[in-house]
Amino acid sequence: MLSFQVLRHISEAAKRIGRQTCSRTATTHFGFEEVDEKEKADKVHKVFANVAEKYDLMNDAMSMGVHRLWKDYYVQRIKPQPTTKMLDVAGGTGDIAFRALRKIQSKKGASGNITVYDINQNMLDVGQKRAEADPTLDKSKLTWVCGDAEKLPFEDNSFDLYTIAFGIRNCTHVDKVIEEAYRVLRPNGRFAVLEFSQIEPFMRPFYDLYSFQVIPVMGQILASDYHSYKYLVESIRQFPDQRKGSRVSSRLKSLILAVYRRL
């Protein structure tokens, strides 16, 4: 989770890096496939349109329910307050938003609210249905908006907290996502990312076997969709790991460390 001051420095660096790389980078990864940058958003949109109805079921099946513990811990760490105005990007079916909303509405007279934002309307539709069926949620504090994380339709300084869980690896230009996050956050706002990365080498053969041989088959059986889950597995492998990362992400990572040392 990054403070507003740290995010400001990262955003400025992201702009510089984006300008340096956009002119020479015409392609990007879609799983293990190399595609034109302009195609990736459409391909990702199709993946999540395909999996929306079975998304929550598959999360439980793939992680054996552990994803619930990760999300509980994440929301516990971000500590939304009764007055928090939160933007949950790639919020899809509402797992993070619902957890956070229960904390926001825990005190009488709470004024906070959450905007759930996702590029895929199918995912938002599932989330809205889930919200309507949950009597513990104050639906008046939820807003659902469909759009691109690289082009947020919100005014500057609009939110206290920006969350994005298991979504940033699917974005084409992470630098633009960070720029937009910085723009819409208020001074002293917070930017919190929950994302997959790589595991220890001794576990990797077992993890790879499960990921590539079991998860897509599970997707075919439970959701009638092999290829979307194959992409989701591959997208994790393409996301920068904890140590190396890509050229751009390494520079951002170095900047984060440098800023933290300065604070």
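Keep in mind that this is a model prediction, so the values were computed, not measured. (Residues numbered from 1 in each chain as written. Predicted model: local features only at pLDDT ≥ 70, side-chain atom pairs only at ≥ 80, totals over all residues. Heavy atoms only, no water.)

Enquirer: Hey, could you go over the overall build of the chain for me, with residue numbers and the actual values?
Expert: Each helix and strand counted, the chain has 10 helices and seven strands in total. The long-range fraction of contacts in the chain, counting pairs at least 24 apart against all pairs at least 6 apart in sequence, stands at 77%. For the chain, the exposed surface amounts to about 13700 Å²; the carbon and sulfur share of it is 54%. (Helix = DSSP H or I, 4+ residues; strand = E, 2+ residues; numbered from the N terminus. Contact = heavy atoms within 4.5 Å. Areas by Shrake-Rupley, 256 points an atom, 1.4 Å probe, with all protein chains shown as cover.)

Enquirer: Before we move on, can you summarise the packing of helix α4 (residues 66-78) against helix α5 (residues 95-104) with the specific residues and values?
Expert: In contact at an axis separation of 10 Å, α4 and α5 are set at 45 degrees when each is read in the N-to-C sense. Here α4 lies oblique to α5, going by the angle between them. α5 is crossed by α4, and the crossing has right-handed handedness. The segment α4 lies against α5, with His67, Arg68, Lys71, Asp72, Tyr74, Val75 and Gln76 engaging Asp95, Ile96, Arg99, Ala100 and Lys103. Its residues assigned to classes, the contact of α4 with α5 shows four nonpolar, two polar and six charged. (Axes fitted to C-alpha atoms, helices over the stretch in contact; angles between N-to-C directions. Parallel < 35°, antiparallel > 145°, perpendicular 65-115°, else oblique. Left-handed = near helix turned anticlockwise from the far one by under 90°. Nonpolar A, V, L, I, M, F, W, Y, C, P; charged D, E, K, R; others polar.)

Enquirer: So what about the confidence of the model for the chain? Which residues, and what values?
Expert: Averaged over all residues, the pLDDT of the chain equals 83, while 81% of them reach at least 70. Taken as a whole, residues 20-24 scores under 50 in pLDDT and shows three contacts with residues more than four places along the chain or in a different chain. Considering only residues more than four positions removed or in separate chains, one finds that residues 255-263, a stretch of pLDDT under 50, has 12 contacts. (pLDDT = per-residue confidence, 0-100.)

Enquirer: Quick one: what's the story with the pairing of strand β6 (residues 159-165), residue by residue and with numbers?
Expert: Burial analysis of β6 places six of its seven residues in the buried class, which makes it a mostly covered element. As paired elements, strand β3 (residues 85-89) and β6 share four bridges and run parallel to each other. The partner of aspartate 88 across the bridge, within β6, is threonine 163. Here β6 pairs with strand β7 (residues 185-194) via six bridges, running parallel. Residue pairing in the sheet places tyrosine 162 in a bridge with phenylalanine 191 of β7. (Buried < 20%, exposed > 50% of the residue type's maximum accessible area, 1.4 Å probe, protein only. Pairing = 2+ DSSP bridges.)

Enquirer: Talk me through the UniProt feature "binding site: S-adenosyl-L-methionine" (unreviewed entry) in the chain; I want residue IDs and the actual numbers.
Expert: Those residues carrying the UniProt feature "binding site: S-adenosyl-L-methionine" (unreviewed entry) are Thr93, Asp118, Asp148 and Ala149 in this numbering. Those annotated residues lining the second largest pocket are, specifically, Thr93, Asp118, Asp148 and Ala149. Among the structural elements, threonine 93 can be located in the loop between β3 and α5. In this structure, threonine 93 is in contact with Tyr55, Asp56, Phe98, Met123, Val126, Gly127 and Arg130, ignoring residues within four places of it in sequence. Within the local environment of threonine 93, its side chain forms a polar contact with the side chain of aspartate 56, the two groups lying 3.0 Å apart. (UniProt positions renumbered as here; feature names shortened; annotations may be inferred. 1 Å grid on protein atoms, 1.4 Å probe; cavity = no way out; pocket = protein on both sides within 12 Å on 5 of 7 lines; lining within 4 Å. Polar contact = N/O pair within 3.5 Å; in protein donor to acceptor, adjacent residues only side chain to side chain.)

Enquirer: I'd love a proper account of the sheet that holds β7, names of residues and values included.
Expert: Strand order in the open sheet formed by five strands is β5-β4-β3-β6-β7, and the pairing between neighbours is parallel. Edge positions in the sheet fall to β5 (142-146) and β7, since each has one partner strand and no second. Strand-to-strand twist across the sheet, computed as the mean angle between neighbouring axes with direction ignored, equals 20 degrees. Across the sheet, α5 is in contact with β3, β4 (113-118), β5 and β6; its angle to β4 comes to roughly 175 degrees. Packed onto the sheet, helix α6 (residues 121-132) meets β4 and β5 and runs at close to 165 degrees relative to β5.

Enquirer: Requested: an account of a negative patch on the surface, with residues and values cited.
Expert: Among the surface-exposed residues, Glu33, Glu34, Asp36, Glu39 and Asp42 lie close enough to one another that they form a single negatively charged patch. At three residues, the largest contribution of residues to the negative patch is made by strand β2 (residues 33-36). Along the chain, the position of aspartate 42 falls in helix α2 (residues 37-51). The exposed category is assigned to aspartate 42, whose relative accessible area is 58%. (Patch = residues over 30% accessible without salt bridge, like charges linked within 9 Å, V, L, I, M, F, W, Y side chains within 5 Å. Salt bridge = Lys/Arg side-chain N within 4 Å of Asp/Glu carboxyl O. Lys, Arg positive; Asp, Glu negative; His and termini not counted. Charge placed at Lys NZ, Arg CZ, Asp CG, Glu CD.)

Enquirer: Let's hear about a nonpolar patch on the surface: which residues, and what values?
Expert: On the surface, a nonpolar cluster with roughly 420 Å² of combined accessible area is contributed by Leu57, Val217, Ile221, Leu222 and Tyr226. Here the nonpolar patch gets three residues from one element, more than from any other, and that element is helix α8 (residues 204-223). Considering the arrangement of structural elements, one finds isoleucine 221 in helix α8. Of the residues examined, isoleucine 221 reaches a relative accessible area of 64% and is grouped as exposed.

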